[in-house]
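Working through the structure, step by step
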Amino acid sequence: MLTTASVPDQERVAYWNDAVNRTLVPVAVTPHGDGLFDARMVTNRLGYLQVSTMEADAKRVSRTPALISRSSEPLVAVGVQISGTATFVQDGRRAEVGAGDLVVCDRSRPYSFDYPQRFATHVFQLPRRMLGVPESDIRQVTGHAIGTRHGFGAALLPFLASLAASPDTYPPAVADRLAGNVVDLFATLITERAHPSGPDAEDSARGHLLLRVRDHINRNLGDPDLSPESIARTHRISVRYLHRLFEGEGTTVGRLIQRRRLEECGRELARRGRTAPTVSAVAQRWGFVNPAHFSRAFRAAYGVSPREWRNLRTLQDDIAPSPAGRPAPLSVVADRPGAGLASSRG
């Protein structure tokens, strides 16, 4: 927890500027009035999601292009106004935010928040790439206050409030899964607001859901229980609809899971090191429970056994390492009939 309570009066504004800059993103904080400034912030991590609760006296917060240039990765924040009001400006739009309202703020573009009185807010911050929605969709929802009395916002608000109250109480594995679910909900909210109607709305929503499903698969490859049933349950859709999402994708859900697991196993087995993990350890780390099944699937995909793959990669690196430390292609494997992850047997 960061607080100005024990900071000398004349140093509080500078302290708070530094605290917000280090914890969230570089911004300029300017208190309203000349009185004693008081603020506090509690921040926790929930997987790759940062959850902060802030309470402060009246102030203005602005993020300029110069401040944006100091950030290394595009971030998005979803704010939940707990008390007080705010005027939020971004992308040429101005929104009056009241208690209970949600806002989506793209940290990679200039914005400002003006709080005319003491306020409290929850801030959920994450890398923009994790949302899996086009930047153009995010741009359409910034600069707006999203009410939570009706629609999707009404279901989302109590969940976010409960999550912000105790984000540090979950084991790491649960926190990672929960973060993924929260981000899926944010992506749904953005999609709903960016495409409220029109003939392409259904196709757009389907495309975004497909992206989120693929991202979920990539983040949970090591879970041996990852399956069409668990994916459908997580995204609150039927297994039948999940399979329909993949029609026209050139693969099925099950084949995609296996292909991605084999890709990660192949990549890890190709790494060189003093204490290289065993083949069975690599297989288990990426969700393969049965070593015999893993070996058969690997040979079907790559044309060689996992041990042969490792030996060939090591031998090739010893003979002719490629530039920038990246392993050169295994022509001896690629030239074999049936090799490659594009094979339908993979």
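Residues numbered from 1 in each chain as written. Predicted model: local features only at pLDDT ≥ 70, side-chain atom pairs only at ≥ 80, totals over all residues. Heavy atoms only, no water.

1. Considerations on the overall build of the protein chain
A count of helices and strands for the protein chain gives 13 helices and 11 strands. Across the 346 residues in the protein chain, those meeting the buried criterion constitute 47%. Within the protein chain, counting contacts between residues at least 6 apart in sequence, those at least 24 apart form 69% of the total. (Helix = DSSP H or I, 4+ residues; strand = E, 2+ residues; numbered from the N terminus. Buried < 20%, exposed > 50% of the residue type's maximum accessible area, 1.4 Å probe, protein only. Contact = heavy atoms within 4.5 Å.)

2. Re the environment of Leu178
Take Leu178: it is sitting in helix α5 (residues 172-194). Residue class for Leu178 comes out buried when judged on its relative accessible area of 16%. Here the alpha-carbon distance between Leu178 and Leu46, two residues 132 residues apart in the chain, equals 7.6 Å. Apart from residues no more than four positions distant in its own chain, Leu178 is found in contact with Leu46, Phe159, Leu163 and Tyr170.

3. Comments concerning the sheet that holds strand β9 (residues 102-106)
Read from one edge to the other, the open sheet built from 6 strands follows the order β1-β3-β4-β11-β6-β9, with strand pairing classed as antiparallel. Because the sheet does not close on itself, it has two edges, and the strands there are β1 (2-3) and β9. Where strand β3 (residues 39-46) and strand β4 (residues 49-56) come together, 8 bridges link them in antiparallel fashion. Note that in β4 the partner of Arg45 across the bridge is Gln50. Sitting on the sheet, helix α4 (residues 151-165) is in contact with β3, β4, β6 (75-83), β9 and β11 (119-127), with an inclination near 90° to β11. (Pairing = 2+ DSSP bridges. Axes fitted to C-alpha atoms, helices over the stretch in contact; angles between N-to-C directions.)

4. Comments concerning the sheet that holds strand β7 (residues 86-90)
With antiparallel pairing, the 5 strands of this open sheet are ordered in space as β2-β5-β10-β7-β8. The strands lining the two open edges of the sheet, one partner per strand, are β2 (28-31) and β8 (93-97). Each strand of the sheet is rotated relative to its neighbour by a mean of 15°, with strand direction disregarded. Sheet topology note: the β2/strand β5 (residues 59-63) ladder contains 4 bridges and is antiparallel. Among the inter-strand pairings, Val29 is bridged to a residue of β5, identified as Val61.

5. Observations regarding the packing of aromatic side chains
On inspection of all chains with the given rule, the structure shows 10 aromatic pairs. Considering the side-chain rings of Phe288 and Phe294, the 5.0 Å spacing of their centres and the 50° angle between planes classify their relative orientation as tilted. Take Phe288 and Phe294: they sit in the same class, and that class is buried. Through pairs of rings, three or more aromatic residues link up here, namely Phe88, Tyr111, Phe113, Tyr115 and Phe119. (Phe/Tyr/Trp six-rings, centres within 6.5 Å; stacked < 30°, edge-to-face > 60°.)

6. Remarks on unusual backbone geometry
One non-glycine residue, Asp91, lies in the positive phi region at around 55°. Relative to the helices and strands, Asp91 resides in the loop between β7 and β8.

7. Brief notes about α4
Leu157 marks where α4 bends most, by close to 25°; the proline Pro158 follows one to four residues later. Along α4, the positions that sit buried rather than exposed are Gly153, Leu156, Leu160, Leu163 and Ala164. Structurally, α4 contributes buried residues whose contacts are with β3, β4, β6, β9, β11 and α5. (Bend = angle between axes of the 7 residues up to and from the residue.)

8. Here's the deal with the confidence of the model for the protein chain
Looking at the protein chain as a whole, its pLDDT mean stands at 84, while 86% of the residues score no less than 70. Confidence drops under pLDDT 50 across residues 320-346; counting only partners more than four residues distant or on other chains, this segment forms 44 contacts. (pLDDT = per-residue confidence, 0-100.)

9. Considerations on the pairing of β9
With 5 of its 5 residues buried, β9 lies for the most part within the structure. Side chains Leu102, Val104 and Asp106 project from β9 onto one buried face, and the interleaved Val103 and Cys105 project onto a second face that is buried too. Taken together, the 5 bridges between β6 and β9 define a ladder with antiparallel strand orientation. Considered in β9, the bridge of Ala77 is made with Cys105.

10. Examining the side chain of His235
Tracing the backbone through its elements, the reader meets His235 in the loop between α7 (228-234) and α8 (239-245). On the basis of relative accessibility, which here comes to 11%, the residue His235 falls in the buried class. Apart from residues no more than four positions distant in its own chain, His235 is found in contact with Asp184, Leu209, Arg212, Val213 and His216.

11. Some thoughts on the pairing of β7
With 4 of 5 residues buried, β7 is to be regarded as a mostly interior element. In textbook terms, the turn of a hairpin is the stretch between consecutive antiparallel strands, and for β7 and β8 this stretch comprises 2 residues, one of which, Asp91, has a positive phi near 55°.

12. Description of the environment of Gly100
Tracing the sequence through the fold places Gly100 in the loop between β8 and β9. Gly100 sits in the buried class, given a relative accessible area of 15%. When the C-alpha atoms of Gly100 and Gly147 are compared, they prove to be 7.1 Å apart, with 47 residues separating the residues in sequence. Not counting the four nearest positions on each side in its chain, Gly100 is found in contact with Gln81, Thr148 and Leu157.

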